[in-house]
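# A closer look at the structure
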Amino acid sequence: MKYDSISGNLFIKNRKKFMAQMKSKSIAVFNSNDIYPIGADSTLPFEQHRDIFYLSGADQEETILLLFPEANDKKHKEILFVRETNEHIAVWEGEKLTKEKATEVSGIETIYWLTDFDRVFFDLMTETDTIYFNTNEHYRQAVETQTREDRFIQKCKLQFPAHQYAKSNPILQEIRGVKEPEEIDLIQTACNITEKGFRRLLSFVKPGVWEYEIEAELLHEFVRNRSKGFAYTPIIASGNNANVLHYIENNQECKAGDLILMDVAAEYANYSSDLTRTIPVSGKFSARQKEVYEAVLRVKNEATKMLVPGTIWAEYHKEVGKIMTSELLGLGLLDKASVQNEDPNWPAYKKYFMHGTSHHIGLNTHDYGVLKTPMKANMVFTVEPGIYIPEEKFGIRLEDDVVIQEKGEPFNLMENIPIEVDEIETLMNS
Ligand code: GLY
Ligand code: MN
Ligand code: MN
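Below you will find a few notes about this structure. (Residues numbered from 1 in each chain as written. Chains lettered and ligands numbered in written order. Predicted model: local features only at pLDDT ≥ 70, side-chain atom pairs only at ≥ 80, totals over all residues. Heavy atoms only, no water.)

Moving on, we come to the overall build of the protein. Tallying secondary structure elements over the protein gives 13 helices and 18 strands in all. Relative to its length of 430 residues, the protein is compact, with a C-alpha radius of gyration of 24 Å against a globular reference of 22 Å. The principal-axis extents of the C-alpha atoms in the protein amount to approximately 70 × 50 × 40 Å. A burial count over the protein gives 54% of its 430 residues as buried. Here the protein has roughly 19,800 Å² of accessible surface; of this, 51% comes from carbon and sulfur atoms. (Helix = DSSP H or I, 4+ residues; strand = E, 2+ residues; numbered from the N terminus. Rg over C-alpha atoms; globule rule 2.2 N^0.38 Å. Buried < 20%, exposed > 50% of the residue type's maximum accessible area, 1.4 Å probe, protein only. Areas by Shrake-Rupley, 256 points an atom, 1.4 Å probe, with all protein chains shown as cover.)

Listed below in structure tokens is the structure:
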């Protein structure tokens, strides 16, 4: 791992919160992700499943976490199964978790080799009535491949048809949504690395650079600061490309007079940051670009103020829609009649701002978090309004990551990343 070690206390606290919500006489199991194949002998780099990472800190393939709060034998309350390491693996793959290291990382005393799993699991299942399966109920999930977790669930249902099944996901959605101070620090580190990348490219961008050259500058800065790289596929969209919301080709030349919308951010220790900035290729905004930019910035600032304990996500989005509508009227993009006659299910402003304003952020970029109950302190959200105008061949989005406070306005984890027009122009021309 490139990141500095994380205190095992974080994972001890996380498990405690999860186990406090488990039913009596129940067991919960969490699997690592598979290493996904590309073809021949190639694989994608390993990405740990965020739930087992959240509960154990184990960042290694083929790891299984078992939680059994009422185990007869106390040492079986928490067990981490890891792949047995040996001389051969050490030579070909390098350092893997030893039992001692696994305890140090996770704070779990009982570490078994993976080869012991079937025997130990069968024995413990005879003491329980319910097993918690870790299904994926994320509101945007669309998974077509069978995961390691899916295979485990299938096998378990065949082997233990008389047990009751329960869902881990609602518990994880709730507890992962509210961040511990250690997690906020890790997200802050990811944001700080993103800041370094962004500052680097402010002095790099000029007419004639290619979008992929900007991508390369960022990756260089991220990796040299102990990040694995981008927290999500980067969007570096110059000119009209900004009007394709998920533009990821990043293969065009940046032309004088155009804007570049960059939705680009680093991960750190599996935690995401999520930044969008829109800058002028030539180092100076035109009057019209500046006018639209300032409107987006005002919407972002007003939206941020609403992220306080008690706010309901859906109502917040409606309020942001009203603010955006007023800005679009001011910019001459909407007229009063189109607003008066708008379809409430697809308000007029959606023509220019068709995506959401905020999502939870954490171990996943679009993180877990309950969206139907009031917001709470220490939830971390993005704020990311945009105005996209294909007729004028540019689009602007601005995005920061903020932490809800007990009282007052949220804390902006990206407060040091330049966003004001003057600041951006000055830095690009210095
Ligand atoms: N970068 C993905 C998003 O902004 O939601
Ligand atoms: Mn983003
Ligand atoms: Mn985002």
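A few words now on the packing of helix α8 (residues 181–202) against helix α9 (residues 211–223). For any two helices packed against each other, the geometry is given by the interaxial angle and the distance between the axes. It is the contact of α8 with α9, at a shortest axis distance of 9 Å, that shows an interaxial angle of 140 degrees. Taken as axis vectors, α8 and α9 run oblique relative to one another. The handedness of the crossing between α8 and α9 is right-handed. Judged by residue contacts, I193, T194, K196, G197, F198, R200 and L201 of α8 engage I214, E217, L218, H220, E221 and F222 from α9. The residue makeup of the contact of α8 with α9, split by class, is 6 nonpolar, 3 polar and 4 charged. (Axes fitted to C-alpha atoms, helices over the stretch in contact; angles between N-to-C directions. Parallel < 35°, antiparallel > 145°, perpendicular 65-115°, else oblique. Left-handed = near helix turned anticlockwise from the far one by under 90°. Contact = heavy atoms within 4.5 Å. Nonpolar A, V, L, I, M, F, W, Y, C, P; charged D, E, K, R; others polar.)

With respect to the helices and strands, the residue I111 is situated in strand β6 (residues 110–113). The sequence separation of I111 and L275 amounts to 164 residues, and the corresponding C-alpha distance is 39 Å. Apart from residues no more than four positions distant in its own chain, I111 is found in contact with L80, V82, K99, A102, T103 and S106.

Turning next to the packing of helix α1 (residues 8–19) against helix α4 (residues 99–106). For the pair α1 and α4, interaxial distance at closest approach is 6 Å and the crossing angle is 70 degrees. For the element pair α1 / α4, the angle class is roughly perpendicular. Within the contact between the two elements, α1 uses G8, F11, I12 and R15 and α4 uses E104, V105 and S106. Here the contact of α1 with α4 is composed, by residue class, of 3 nonpolar, 2 polar and 2 charged.

This part is about the coordination of the manganese ion (ligand 2). Bound to the manganese ion (ligand 2) on the protein side are D263 (OD), D263 (OD), D274 (OD) and E399 (OE), at distances that span 2.1 to 2.5 Å. Because the angles between the 6 donor atoms bound to the manganese ion (ligand 2) fall within 55 to 170 degrees, the donor set is best described as irregular. On the primary sequence, the residues serving as donors to the manganese ion (ligand 2) are separated as D-x10-D-x124-E. Taken as a pair, the manganese ion (ligand 2) and the manganese ion (ligand 3) show a spacing of 3.3 Å, with D274 coordinating each metal. One end of the pair, D263, is in strand β10 (residues 259–263); the other, E399, is in the loop between β16 (394–397) and β17 (400–403), and 136 residues separate them in sequence. Accessibility expressed as a relative area gives 0% for E399, which makes it buried. (Donors = N, O, S within 2.8 Å, 3.2 Å for Na, K, Ca; no water. Tetrahedral: all angles 85-135°; square planar, octahedral: opposite > 155°, others 65-115°.)

Taken together, the residues surrounding ligand 1 are Y232, D263, D274, H359, H366, E384 and E399. Side-chain polar atom of D274 to a nitrogen atom of ligand 1: 3.1 Å apart, as the coordinates give it. About the coverage of ligand 1: the protein hides 83% of its 190 Å² of free accessible area. Partitioning the shell around ligand 1 into residue classes produces 1 nonpolar, 2 polar and 4 charged. (Near = heavy atom within 4 Å. Polar contact = N/O pair within 3.5 Å; in protein donor to acceptor, adjacent residues only side chain to side chain.)

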